[in-house]
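As a plain string of letters, each chain reads:
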Amino acid sequence: MDIVGTAKRLADEVLFPAALATDTADTVPVELLDALADAGLYGLSGPASAGGLDTDFQTVCTVVETLASGCLTTTFVWVQHIGAVLAAATSENDAIAEWVAPLCRGERRAGLALGGAVPGPPLLRATQQEDGWTFTGTSPFVSGWRRIDVIYTAARSDDGRLVWAFVDARESDTLSVRRLDLVALNATATVRADFVDHPVPAGRVTSALPYREGPPPPELLRIHASMPLGVAARCCRLLGPTPLDQELTRIRAELDRLDPPTIQATRGAVGELALRASAALAVATGSRSLLLSDHAQRLAREALFGLVYALRPGSREALLAQLGAAQRPSIPRSNGA
C-alpha cells in the first residue's frame with residue numbers, strides 16, 4: 001500500500017475541497033473521518049498483526065503533514081488517535097489487547113486528555129482503588145467530542161505515577177464537559193472535561209509508570225510540527241513558486257534530525273513560517289482573502305492555531321525572539337531611582 005500516496009489523494013480530493021465547509025461546521029463531518037478509517041489511516045501506527053499499517057516514524061510525520069495540508073480541523077481530530085493505538089499495542093495489561101484491532105480499524109476512535117501529563121502540579125489526579133482507579137480534576141482541552149468513543153486520559157497519582165487509561169467519551173454524574181469556542185478549528189468540538197471521582201476499571205488502564213518531568217521528546221515535537229508544516233505547504237502550493245518553498249524544505253529537514261538541542265527552536269520556527277506563508281497568501285489573494293468563502297483566511301487562522309498549539313517553553317522563547325518580542329531581563333533599580 002502506498003500510504004503517503006493515499007494520504008495525498010485524500011488531502012487533495014476529499015479534505016481540501018470540503019475544508020471551507022468543515023471550517024464553519026459545528027463538528028467535523030463524520031464522513032471525512034470515515035474516509036480516513038476506510039483508507040486504514042486510523043491504524044497508521046498500529047501493528048500489522050491487528051490490521052494496522054505498522055508505519056515507520058518518518059512516514060507518520062509525512063502523513064500528518066499531508067493530511068493537514070488538506071484540512072487541519074479533520075487532521076487534528078484524527079491525530080489524537082495515534083498515541084492511543086500505540087499505547088494499546090504496547091500495554092502490558094492483558095485486558096487492553098482486545099482494544100488494538102478496533103482502534104486500528106477506526107471502529108473505536110480515541111481523543112486525548114493530558115490533564116495529568118502537563119508539567120507542574122497535575123490538573124487531573126488518580127487515586128487507586130481495589131478494582132481500579134478514580135480520576136478527579138480537569139483536562140482543559142479534549143478535541144473530537146461526539147466524534148470519539150474514548151478519551152486516552154492521563155492522570156497523576158499522589159505517589160508520583162502517571163496513569164494512562166481509556167475513559168468512555170460520555171457525560172455522566174462523574175464526567176462533565178463544556179464546549180470551548182475556538183477562533184480556528186472550532187469544528188474539532190474541543191471541550192473542557194471535568195472529572196469528579198470518575199471510576200476507571202483496572203482493565204482500562206494502559207500503564208501506570210513513574211512520572212518524570214523534563215523536556216518533551218523530540219519525536220513529540222516533530223509530530224506537533226507536522227501540522228503547521230502542512231498548513232505552510234498548502235499556502236506554498238496556492239502561492240506558486242516562491243523562496244518560501246526553500247524555507248519549508250530546510251525547516252522540514254532540520255526537524256527530521258530530531259536534534260534535542262535545536263528542535264524546540266525549530267518547532268517554533270515552523271509555526272512562524274506557516275504564519276508568514278498564510279500572510280503572503282492573503283496579500284497575494286487581496287481583499288477576497290477576507291471572505292469566509294476563501295481559503296486564505298482559513299489558512300491564516302489555521303497557521304495561528306499551529307503557532308500556539310502545545311507550545312513548550314523552549315519553543316515559545318525561541319519564537320518570541322524570532323518575532324522580535326523576546327523579553328529583556330529586568331534591570332535592578334537602585335534605592336534612589
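Here the structure is a predicted model, which is why all the values come from computation and not from measurement.

1. Description of helix α1 (residues 3-24)
Okay, step 1: With 22 residues, α1 ought to run about 32 Å at 1.5 Å a step, and its terminal C-alpha atoms sit 29 Å apart, in line with that.
Okay, step 2: Residue A18 marks the point of greatest curvature in α1, where the axis turns by about 45°.
Okay, step 3: Of the positions making up α1, those classed as buried are I3, T6, A7, L10, A11, L15, F16, A19, L20, T22 and D23.
Okay, step 4: Lining the buried residues of α1 we find α2 (30-38), α3 (57-70), α4 (72-90), α6 (218-239) and α9 (295-308).

2. Some remarks on the state of the cysteines
Covalently bonding the sulfur atom of one cysteine to the sulfur atom of another cysteine gives a disulfide.
Okay, step 1: Following the criterion strictly, the structure yields zero disulfides and no others.
Okay, step 2: Considering cysteine sulfurs only, C61 is the nearest to C104, which forms no disulfide, with 18 Å between them.
Okay, step 3: Overall, the relative accessible area of 2% leaves C104 in the buried class.
Okay, step 4: C236 takes part in no disulfide bond, and the closest cysteine sulfur, belonging to C235, lies 7.0 Å away.
Okay, step 5: Residue classification places C236 among the buried positions, given a relative accessible area of 6%.

3. Focus: the pairing of strand β2 (residues 124-129)
Residues in a regular strand point their side chains to alternate faces of the sheet.
Okay, step 1: With six bridges joining them, β2 and strand β3 (residues 132-142) adopt antiparallel strand pairing. From the neighbouring strand, T127 faces β3, where its bridge partner is T134.
Okay, step 2: Linking β2 to β3, which pair antiparallel, is a turn of two residues.
Okay, step 3: Both β2 and strand β4 (residues 150-157) contribute to a ladder of two bridges, which runs parallel. Bridge pairing in β4 places R125 opposite R156.

Definitions and cut-offs
The written sequence of each chain sets the order in which its residues are numbered from 1. For this predicted model, a pLDDT threshold of at least 70 governs which residues receive local features, and a threshold of 80 or more governs which side-chain atom pairs are given and counted, while totals over whole chains, interfaces and linings are taken from all residues. To obtain the side-chain values, all non-hydrogen atoms of the structure were used and water was disregarded. Numbering goes from the N terminus for both helices and strands, where a helix is a DSSP run of H or I of at least four residues and a strand is a run of E of at least two. Multiplying one less than the number of residues by 1.5 Å gives the expected span of a helix. We define the bend at any residue as the angle between the axes fitted to the seven residues before and including it, ending there, and the seven starting there. Relative accessibility under 20% of the residue-type maximum defines a buried residue, over 50% an exposed one, and the middle range a partly exposed one, all with a 1.4 Å probe and only protein chains included. Contact criterion: two residues are considered in contact whenever any of their non-hydrogen atoms come within 4.5 Å of each other. Two cysteine sulfurs form what is called a disulfide whenever their separation falls within 2.5 Å. Note: two strands are recorded as paired if DSSP finds a minimum of 2 bridges between them.

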